[in-house]
Structure formats: C-alpha cells, structure tokens
Amino acid sequence: MQIKRLKLAGFKSFVDATELRIEPGLTGIVGPNGCGKSNLLEAIRWVMGESSAKSMRGAGMEDVIFAGTASRPQRDFAEVSLLTVQEQGELFSTVEVGADGELEVTRRIERGAGSAYRANGKDVRAKDVSLIFADAATGPHSPALVSQGRIAAVIAARPQERRAMLEEAAGIAGLHVRRKDAEQKLRAAEANLARLDEILLDMDTRANALRRQARAAERYIRLSDQIRVAEARTLFARWREANVSAEAARAEARQAEAAVAAAQAAQLAAGA
Ligand code: ATP
C-alpha cells in the first residue's frame, strides 16, 4: 500500500481544509515548534483507526476536533481522509477498490456523535478499516509510524510488546485480527451446538412420550374393534335364542288351538 494524499479539516490545529500530497521519494515536513508536524502523523494514525485518545495526546477522542483560538470559534467536527493505492499483487479483501487500485479511507468525528468511517465513499465499520491497514502490514500502531517518545517506549518495551511490534512489522497483525474473529465465531458455533444438543435431548424425551401415547392409542383401537365384534356376536346369539323360543311358542299355540278345536267338536257331538 502506498499513501498518496492526506486531507484534513477541523483536525487539531488544521482548522481549514488542508491537503498533504505524498509524492514518490522522500517527503519531509519542516516547521517551527508547535506548528502541527506531529498532528499530521497523528491524523494518519487516527484515520487508520486509532482508538486511544491518550495516544492522540488528548483526554477524550473529541479532543482531536479543532478546539478554537482567541480569533476563531471551535469546530463541531473533524474529518481526515487518506488516499492510498494498491501495490502490485496486493489485495484489500474487506472493501471494493476501483480499477485504478485507489482506496480513500475517511474518518469523521462529530461532537456528541462519535466516529464514522467511509471507504471509497461507502460506510464501513471500524473493524473493516483496521483489517484494510492490518492486511497492508500497517495501522495506527505500526512500528513504521514513529511518534514522539516511541523510541524510548520500544527500548523499554516488555518482550510481549516487542513481539507485537515484530508481528506488526512482519505483516501478520491482520491474521491475528482474523484469528480473533474466527475464534469468536467458533465460540458462538460451539454455544449453538450445545444449545442444539439440549434441544435434541428435549425432543428425544418428547418423542418417547409420544411413542408411548401412540402405542396406547393403537391398543385402544384394537380393543374397541374386538369389543364391537363381541357385542355383535352376543346380539346375534340372543336373537337366535329368541327366534327358537318364538318358534316353540308358536308350535305350542298351534297344538293348544287344535286341542281346543277338538274339545269343541267333541262337545258339539255330545250335545247332539
Ligand atoms: P514540535 O516540533 O514541538 O513537536 P509540532 O510541529 O509537532 O511541534 P504539534 O505537536 O503537532 O506540533 O502541534 C501542536 C499544536 O497543535 C499546538 O499548538 C496545539 O495548540 C495545537 N492543537 C492540538 N490540538 C488542538 C485542537 N484540538 N485544537 C486546536 N489546536 C490544537
């Protein structure tokens, strides 16, 4: 990644829109004490995603907004844009880059509203910006950006801090950010799996209860059928018995009628 241009407006001492072009070769910034040389380096670190107000020599992040002077009122926002161009073979995986390989990252802060980022005019997250620069082996904490007091800090750094600096310099900071991201996703997936296990266990218990209910329902249907058949057979047997009894009664009645007729005939014969 090559830095081509830095634009500032309302950032620290740069109250008016200011443009710093960085041409191929060496660019030097000279000026008297307090003219804003360090502010330019801080603007580069800020647009790359610096989140520590202390390292911007302020108490809060809004301290980067022009605070006003005796002759000029304070500003309500600060904006810094960094125009970069891809080097051959380089990829900016998190954002779209135009055919010219140019990528302009802008950070803007408003009083009471916090920071917002844009990449080639599109709103992006702070994380995307930090990945763009981390993949290009740079960023707000890159050892290539040596701010005041940094040399002393490097000398006094603990082995762990030196390791972080070496990793930044080797360009693997982006991989660390991605690993952290991947680890977070993995943890979320593990939590989901544990939840799924619980749901499966719950479903198993419910399925067992339903299986028991289904077996009871099948038994009920089978028994109901058997009861219906048994009832039908009982009714048929009763009907048959009643029919036989009725037949016997009719035969008895016929015999009785014949006996009565015979008796009447005998009576008539006796009378004559
Ligand atoms: P030196 O050579 O002494 O290191 P320098 O050129 O690096 O100085 P800087 O430290 O970049 O100068 O700039 C400091 C100046 O920026 C001071 O004059 C300070 O008042 C001004 N400044 C810092 N923050 C703000 C702000 N929020 N609003 C207005 N001016 C600011």
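Computed from a prediction, not measured in an experiment: that's the story for all the values here.

What counts, and at which threshold
Residues numbered from 1 in each chain as written. Predicted model: local features only at pLDDT ≥ 70, side-chain atom pairs only at ≥ 80, totals over all residues. Heavy atoms only, no water. Near = heavy atom within 4 Å. Polar contact = N/O pair within 3.5 Å; in protein donor to acceptor, adjacent residues only side chain to side chain. Areas by Shrake-Rupley, 256 points an atom, 1.4 Å probe, with all protein chains shown as cover. Nonpolar A, V, L, I, M, F, W, Y, C, P; charged D, E, K, R; others polar. Helix = DSSP H or I, 4+ residues; strand = E, 2+ residues; numbered from the N terminus. Contact = heavy atoms within 4.5 Å. Domains from an automatic or database assignment. Salt bridge = Lys/Arg side-chain N within 4 Å of Asp/Glu carboxyl O. Buried < 20%, exposed > 50% of the residue type's maximum accessible area, 1.4 Å probe, protein only.

1. With respect to the site of the ligand
Around the ligand, the structure places 16 residues, and the nearest of them are Lys37, Ser38, Asn39, Ala67 and Gln148. With respect to the ligand, the side chain of lysine 37 contributes an N or O atom lying 2.8 Å from an oxygen atom. Serine 38 places a polar side-chain atom, nitrogen or oxygen, 2.7 Å from an oxygen atom of the ligand. For the ligand, the protein covers 69% of the area, taking 650 Å² as the surface of the free molecule. Along the lines of polarity and charge, the residues of the shell around the ligand split into 5 nonpolar, 7 polar and 4 charged.

2. Section: unusual backbone geometry
Within the chain, lysine 12 stands out as a residue other than glycine whose phi angle is a positive 45°. With respect to the helices and strands, lysine 12 occurs in the loop between β1 (2-9) and β2 (18-21).

3. Observations regarding the environment of valine 15
Structurally, the position occupied by valine 15 is in the loop between β1 and β2. Distance in space between the C-alpha atoms of valine 15 and alanine 237 is 113 Å, their sequence separation being 222 residues. Dropping the residues within four chain positions of it, valine 15 is found in contact with Ala9, Gly10, Phe66, Arg72 and Arg75.

4. Details of the domain arrangement of the protein chain
With domains assigned, the protein chain is organised as domain 1 (2-171) and domain 2 (175-272). A separation of 83 Å is found between the C-alpha centroids of domain 1 and domain 2. The interface is formed by 6 residues belonging to domain 1 together with 4 residues belonging to domain 2. Where domain 1 packs against domain 2, one counts 1 salt bridge. Run the count over domain 1 and domain 2 and you get 1 residue pair in polar contact (both at pLDDT 80 or more). Ranked by residues supplied to the side of domain 1 that touches domain 2, first place goes to helix α2 (residues 126-135) with 3 residues.

5. Observations regarding α2
Residues of α2 that are buried include every one of Asp128, Val129, Leu131, Ile132, Phe133 and Ala134, and no others. Looking one or two residues past α2, alanine 137 carries a phi angle of roughly 55°, positive in sign.

6. Observations concerning the pattern of salt bridges
According to the stated counting rule, one finds 17 salt bridges in the structure shown. For arginine 179, the salt bridge identified is with glutamate 183, shortest N-O distance 3.7 Å. Taken together, the residues arginine 179 and glutamate 183, both in helix α5 (residues 173-271) and 4 residues apart, mark about one turn of the helix. Linking aspartate 225 and arginine 228 is a salt bridge whose minimum nitrogen-to-oxygen distance equals 2.5 Å. Pair noted here: aspartate 225 and arginine 228 are both in helix α5, with a separation of 3 residues, about one helical turn. The class of aspartate 225 is partly exposed, set by a relative accessible area of 38%. On the basis of relative accessibility, which here comes to 51%, the residue arginine 228 falls in the exposed class. Among the ionic contacts, a cluster of salt bridges with common partners joins Lys12, Glu42 and Arg57.

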